[in-house]
Amino acid sequence: MFSRRTLLRGLTAATAAATLATGLTACGGESDAATTTTDKAGTVTVGRLSNGAAEETTLKVAEVKSISARLPEEIRKRGTLVIGSGTLPSGSPPLGFVGEDQKTLTGSEVDLGRLVAAVLGLEPEVRRSTWENLFIGLDSGKVDVAFSNVTDTEERKRKYEFASYRKDDLAFEVKKDDTWTFDGDYRDLAGKTVSVGNGTNQEKILLEWKAKLAKEGKPLTVKYFQETNSLYLALNSGRIDAYFGPNPNLAYHATQTAGTPQATRIAGQFSGAGETLQGLIAATAKKDSGLAEPLAAAINHLIESGAYAKWLAAWNLSGEAVAKSEVNPPGLPLTNS
């Protein structure tokens, strides 16, 4: 069990609903998000256009040439870092969502990508897609690195390399008046209908629990939704019992709906790497791209300079901090049983 964290200050329910409903439309599930900022040279402002979800903070971040020199030559010559954000269609606050100007992508993950790009002496270029197309972008070379709440897993290491930067805790979200709780035992899920994101590590964990329950003659129904609004309509109407997803997203949503008829609560948590390992969120690049090492070095520079802690604090995510970035640390095992 992992302790619940209070992640964000409250916003009004109306603001939360507008934020959750807002998205950039694109053909083929992909979009180039507006990323132009007014930052002066050597500075990165985090929490901008966040509708009050974060405290806007300007950080001093300059290129570290000893780190940028380790970049693959193609990227160094190009001068840009193409950052993938798998947050279409509805956004994924506080990690990545359309800001209050209704066009610019903001969020904690996007901000970290911009900070890392600054250390590497590169201009950040954010490309927004669906979760599935995020990995297609990495595979095709259209995206250099994903900063999009990607969990380090042993299965993903077959195709990708990682530089860790944040703890990965998962959570179950239920209606506030639901008395059900999850205490880490998969048997708690017997007879429940749970929604989960397709292609995520939490789906892998949930489907393994479903298989275990099936062997015991107990049902667990798993349902999928294409976008956030449909998921929460299903939760509020009782068509699903719970949503299993990243703790920051779910805790954010529970905060935003507090005091409304759609109020929810966190009913339990679980590590994104299973029962025996603390899960880690990581910057994700194509395997053998040569990016993981300079990315980890850039993140560690941000940790040592204090900018990393200020970034987390701005987004009220300080409880997710790691002591250092690691290249390809142990992740969710191939078999989590």
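Thresholds applied
Residues numbered from 1 in each chain as written. Predicted model: local features only at pLDDT ≥ 70, side-chain atom pairs only at ≥ 80, totals over all residues. Heavy atoms only, no water. Helix = DSSP H or I, 4+ residues; strand = E, 2+ residues; numbered from the N terminus. Buried < 20%, exposed > 50% of the residue type's maximum accessible area, 1.4 Å probe, protein only. Areas by Shrake-Rupley, 256 points an atom, 1.4 Å probe, with all protein chains shown as cover. pLDDT = per-residue confidence, 0-100. Contact = heavy atoms within 4.5 Å. Pairing = 2+ DSSP bridges. Salt bridge = Lys/Arg side-chain N within 4 Å of Asp/Glu carboxyl O. Expected span 1.5 Å × (residues − 1). Core = buried A, V, L, I, M, F, W, Y, C linked by side-chain atoms within 4.5 Å. Phe/Tyr/Trp six-rings, centres within 6.5 Å; stacked < 30°, edge-to-face > 60°.

**Comments concerning the overall build of the protein chain**
Thinking step 1. Of the regular secondary structure elements, the protein chain holds 10 helices and 14 strands.
Thinking step 2. Taking all 337 residues of the protein chain together, the buried fraction comes to 55%.
Thinking step 3. Counting every atom, the protein chain has about 13,800 Å² of accessible surface; 51% of that belongs to carbon and sulfur.

**Focus: unusual backbone geometry**
Thinking step 1. With an omega of 5°, the peptide bond between leucine 88 and proline 89 qualifies as cis.
Thinking step 2. Residue position: proline 89 is located in the loop between β4 (80–85) and β5 (97–98).
Thinking step 3. Here the amide bond leading from proline 93 into proline 94 is cis, since omega sits at 5°, within 30 degrees of zero.
Thinking step 4. At asparagine 149, a position not held by glycine, the phi torsion is positive, near 60°.
Thinking step 5. Along the chain, asparagine 149 falls in the loop between β8 (145–146) and β9 (160–175).

**Some thoughts on the confidence of the model for the protein chain**
Thinking step 1. In this model, the protein chain carries an average pLDDT of 89, and 88% of its residues clear a pLDDT of 70 or more.
Thinking step 2. Taken together, the stretch residues 1–28 has pLDDT below 50 and engages in 80 contacts with residues farther than four places along the chain or on a different chain.

**Here we look at the pairing of strand β10 (residues 193–196)**
Thinking step 1. Along β10, one buried face is formed by Thr193 and Ser195 and the opposite face, lined by Val194 and Val196, is buried too.
Thinking step 2. Pairing between β10 and strand β11 (residues 221–223): three bridges, direction parallel. Bridge pairing in β11 links threonine 193 to threonine 221.
Thinking step 3. Judged from the three bridges that link them, β10 and strand β12 (residues 242–246) form a sheet pairing that is parallel. Residue pairing across strands places valine 194 opposite alanine 242, the latter belonging to β12.

**As for the pattern of salt bridges**
Thinking step 1. The tally for this structure, following the rule as stated, stands at 14 salt bridges.
Thinking step 2. Notably, a salt bridge pairs glutamate 320 with arginine 166, separated by 3.6 Å at the nearest N-O pair. One end of the pair, glutamate 320, is in the segment after α10 (307–314); the other, arginine 166, is in strand β9, with 154 residues separating them in the sequence.
Thinking step 3. Residue glutamate 320 is classed as buried on the basis of its relative accessible area, which comes to 0%.
Thinking step 4. Exposure remark for arginine 166: the relative accessible area of 0% places this residue in the buried category.
Thinking step 5. With a closest N to O distance of 3.7 Å, lysine 218 and glutamate 216 form a salt bridge.
Thinking step 6. For glutamate 216, a relative accessible area of 34% puts it in the partly exposed group.
Thinking step 7. Bridged by salt links that share partners, the residues Glu109, Arg166 and Glu320 form one connected network.

**Quick word on helix α9 (residues 292–305)**
Thinking step 1. The first and last C-alpha atoms of α9 sit 20 Å apart over 14 residues, in line with the 20 Å expected at 1.5 Å per residue.
Thinking step 2. Among the residues of α9, those classed as buried are Ala292, Pro294, Leu295, Ala296, Ala297, Ala298, Ile299, Asn300 and Leu302.
Thinking step 3. Buried positions along α9 lie against α2 (65–68), α4 (108–119), β8, β9, β14 (279–286) and α10.
Thinking step 4. Glycine 306 occupies a position one or two residues after α9 and carries a positive phi of about 95°.

**Details of the nonpolar core**
Thinking step 1. By size, the foremost hydrophobic cluster in this structure holds 48 residues, and its most contacted members are Leu115, Val116, Phe147, Leu295, Leu302, Trp311 and Trp315.
Thinking step 2. Of all the elements in the fold, those that place two or more residues in this core are β2 (43–46), β4, α4, β9, β14, α9 and α10.
Thinking step 3. Here this core gets seven residues from one element, more than from any other, and that element is α4.
Thinking step 4. Setting aside anything within four residues of it in sequence, one finds tryptophan 311 in contact with Val46, Leu59, Ser108, Glu109, Asp111, Leu112, Leu115 and Tyr165.
Thinking step 5. One finds Trp180, Trp209, Phe244 and Ala267 within the second-largest nonpolar core, a separate group that totals 21 residues.

**Let's talk about the packing of aromatic side chains**
Thinking step 1. Here the structure, examined in full by the defined rule, presents 15 aromatic pairs.
Thinking step 2. Note on phenylalanine 172 and phenylalanine 182: the rings are 4.7 Å apart at their centroids and 45° apart in plane angle, and the pair reads as tilted. Of this pair, phenylalanine 172 sits in strand β9 while phenylalanine 182 sits in the loop between β9 and β10, placing them 10 residues apart in sequence. We note that phenylalanine 172, like phenylalanine 182, is buried.
Thinking step 3. Each ring, one from tyrosine 232 and one from tyrosine 243, has its centre 6.1 Å from the other, and the planes form 90°; the classification is edge-to-face. Note that tyrosine 232 is positioned in helix α7 (residues 228–237) and tyrosine 243 in strand β12, a separation of 11 residues in sequence.

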